[in-house]
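So you can see what is in the structure, the chains are spelled out below.
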Amino acid sequence: MSDAATKSDAAMKPGWTPRSAWAGILSEGSFGAKGPAGVTATAREGLGIASLIVAEGGDAALAKAMKARFGLALPSTPQAAISAGRALVWAGPGQWLFIAGDRGGFADDLQALSGLAAIADQSDGRAVLTLSGDKIRAALAKGCMIDLHPSAFSVGSSALTSIAHIGVHLWRAEDGPNGAVFEFMVARSMAGSFWSWFSASAAEFGCQVTIPRACRVGRG
Amino acid sequence: MRIPCPHCGARDAQEFTYLGDANPKRPDGMEATEAAMFDYVYQRDNPAGRFRELWYHGAGCHAWLVVTRDTKTHAIEAAEPAKPTKAGAAA
Ligand SMILES: [Zn+2]
């Protein structure tokens, strides 16, 4: 093969650039009512996400491994166990989502759990937003059927539900500087539809959107 | 109508899909008469009152439930996981 032919093959290879699930959907800055933002939305990017499903009676072995390796207690009710850098969120009987703050070592984590559950990497298949602010509950109440009042939905609570006909997995993380913090996860292909609902619901309270630096890669 | 999912708590009926009667049990296909199989596949009671029925919590925990409901009042007496009893598993 000639040198020229090799070069032209290389030139024709498509470039594969990682693209944020929120690329082209979120714009950094504020929208809606002026003044202090009642609601904040922060894009999550680079998470390692895997679904875990155990066979009948497989909970105990998985629970033991989760405790030993990550110090996480396997929830058997709609709860999220959260430690520094990792989370384990109930996703139905015998099912969980395992989430790592970044993908460094994520493949090793999954390897360590292999044989204990049916594991599927969902990292690029889901889109996650961190939602907070004084008015976040009022904004979410426009479409979320889950009672998010602190007496009903404490830190570590989670739920699977439907908002505007979109399947949503949500959980409450530790409180932050703007009060209660909710993580909202949707299928990546539904990110635009979810944002369409959420941005319309949040606008009257004023919404501040933050896109972390790592998340800006491949935007547009 | 809200269904008290044993896994998720009380949820609006729109999160669920209805299947129907939870009582029919599939006969052994090698042994059953044609009439018994016909009954299982096609014949359904339609009671006015207490009814055990299958609901799927598709927008929630993805579990099948057996819901005991009064078809006249929609009052729900019980909602249990279908899996342990295998009630209507082959329906
Ligand atoms: Zn449920």
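Note that the structure is predicted; figures quoted are calculated from it, not measured. In this convention, every chain numbers its residues from 1, walking through the sequence in written order. A letter from A marks each chain and a number from 1 marks each ligand, given out in the order of writing. For a predicted model such as this one, the threshold for reporting local features is a pLDDT of at least 70, and the threshold for listing and counting side-chain atom pairs is 80 or more; totals across whole chains, interfaces and linings nevertheless cover every residue. As a rule here, side-chain values cover all heavy atoms of the structure and leave hydrogens and water aside.

### Quick notes on the interface of chain A and chain B
Stage number 1. In this complex, chain A contributes 13 residues to the contact, which on the side of chain B involves 12 residues.
Stage number 2. Note on chain A versus chain B: buried area summed over both sides is about 880 Å², and carbon and sulfur give 56% of it.
Stage number 3. A 1.4 Å probe defines the accessible area here, and the buried area is the portion of it lost by two parts on being joined, summed over both. The largest share of the area that chain A buries against chain B comes from Pro93, Met145 and Leu160 of chain A, three residues that together contribute 45% of it.
Stage number 4. Just to be clear on terms, a salt bridge is a Lys or Arg side-chain nitrogen sitting within 4 Å of an Asp or Glu carboxyl oxygen. Here chain A and chain B share one salt bridge between them.
Stage number 5. With a closest N to O distance of 3.4 Å, Glu56 of chain A and Lys83 of chain B form a salt bridge.
Stage number 6. For this analysis, a polar contact is any N or O atom pair within 3.5 Å, provided that within protein one partner can donate a hydrogen and the other can accept it, and provided that sequence-adjacent residues contribute only side-chain to side-chain pairs. In this structure, the connection of chain A to chain B is made through four residue pairs in polar contact (both at pLDDT 80 or more).
Stage number 7. Lys, Arg, Asp and Glu make up the charged group, whereas Ala, Val, Leu, Ile, Met, Phe, Trp, Tyr, Cys and Pro make up the nonpolar group; the residues left over, Gly among them, are polar. A class-by-class count of the residues in the side of chain A that touches chain B yields eight nonpolar, four polar and one charged. In what follows, a contact means two residues having at least one pair of non-hydrogen atoms within 4.5 Å.

### Some remarks on the packing of aromatic side chains
Stage number 1. Aromatic contacts are taken between Phe, Tyr and Trp rings whose centres are within 6.5 Å, Trp giving its six-membered ring; a plane angle under 30 degrees counts as stacked, one over 60 as edge-to-face, and the others as tilted. Under the definition given, this model contains 13 aromatic pairs over all chains.
Stage number 2. With a centroid separation of 5.6 Å and an interplanar angle of 40 degrees, the aromatic rings of Trp195 of chain A and Phe198 of chain A are classed as tilted. Taken together, the residues span about one helical turn, with Trp195 of chain A and Phe198 of chain A both in helix H5 (residues 191-202) at a distance of three residues. The pair Trp195 of chain A / Phe198 of chain A is uniform in exposure class, with both members buried.
Stage number 3. Taking 5.0 Å as the distance between ring centres and 35 degrees as the angle between the ring planes, the aromatic pair formed by Tyr56 of chain B and Trp64 of chain B counts as tilted.
Stage number 4. Classification of Trp64 of chain B as partly exposed rests on a relative accessible area of 39%.
Stage number 5. An aromatic cluster is defined as three or more aromatic residues linked by ring pairs; in this entry it consists of Phe31, Phe184, Phe194, Trp195, Trp197 and Phe198 of chain A. The numbering of helices and of strands both runs from the N terminus, where a helix is a DSSP run of H or I of at least 4 residues and a strand a run of E of at least 2. Partly exposed residues are those whose accessible area sits between 20% and 50% of the maximum for their type, while under 20% is buried and over 50% is exposed, using a 1.4 Å probe and protein chains only.

### Considerations on the sheet that holds strand S8 (residues 126-132) of chain A
Residue and element names in this part refer to chain A.
Stage number 1. Strand pairing follows a simple DSSP-based rule, namely that at least 2 bridges must link the two strands. Taken together, seven strands build an open sheet; the order of strands is S1-S12-S2-S8-S11-S10-S9 and the sheet is mixed. In the strand order of this sheet, the two ends are held by strand S1 (29-31) and strand S9 (158-163), each with one partner. Between one strand axis and the next, the sheet turns through 25 degrees on average, direction left out of account. Only the stretch in contact is used when fitting a helix axis, every axis being a line fitted to C-alpha atoms; angles between N-to-C directions are given from 0 to 180 degrees.

### Overview of the coordination of the zinc ion
Residue and element names in this part refer to chain B.
Stage number 1. With water excluded from the atoms, a metal site may look incomplete; its donors are any N, O or S atoms within 2.8 Å, or within 3.2 Å for Na, K and Ca. In the first shell of the zinc ion, the protein supplies Cys5 (SG), Cys8 (SG), His57 (ND1) and Cys61 (SG), at 2.0 to 2.4 Å from the metal.
Stage number 2. Metal-centred angles of 103 to 116 degrees between the four donor atoms at the zinc ion mark the site as tetrahedral.
Stage number 3. Linear spacing of the donor residues for the zinc ion on their chain is C-x2-C-x48-H-x3-C. All geometry calls rest on donor angles, where a four-donor set with angles between 85 and 135 degrees is tetrahedral, four- and six-donor sets with opposite donors more than 155 degrees apart and all others between 65 and 115 are square planar and octahedral, and all else is irregular.

### As for the confidence of the model for chain B
Residues and elements named next belong to chain B.
Stage number 1. Confidence of the predictor at the level of single residues is given by pLDDT, which spans 0 to 100. Of all residues in chain B, 93% have pLDDT values of 70 or greater, and the mean over the chain is 91.
Stage number 2. Averaged pLDDT values over the elements of chain B bottom out at 94 in helix H1 (residues 34-42) and peak at 98 in strand S1 (residues 2-5).
Stage number 3. Considering only residues more than four positions removed or in separate chains, one finds that residues 87-91, a stretch of pLDDT under 50, has 14 contacts.
Stage number 4. With pTM at 0.89, the complex prediction returns an ipTM value of 0.85.

### So, H5 of chain A
Stage number 1. Given a rise of 1.5 Å per residue, 12 residues ought to cover 16 Å, and the 16 Å separating the end C-alpha atoms of H5 of chain A matches this to within 8%.
Stage number 2. Within H5 of chain A, the full set of buried residues consists of Ala191, Phe194, Trp195, Trp197, Phe198, Ser199, Ser201 and Ala202 of chain A. Expected helix span is computed as 1.5 Å times (number of residues minus one).

### Comments concerning the pattern of salt bridges
All names here are of chain A.
Stage number 1. Taken as a whole and assessed by the stated rule, the structure comprises 10 salt bridges over all chains.
Stage number 2. The partner of Asp109 in a salt bridge is Arg86, with the nearest N and O atoms 2.8 Å apart. With Asp109 in helix H3 (residues 106-113) and Arg86 in strand S5 (residues 86-90), this residue pair connects regions lying 23 residues apart in the sequence.
Stage number 3. The class of Asp109 is buried, set by a relative accessible area of 3%.

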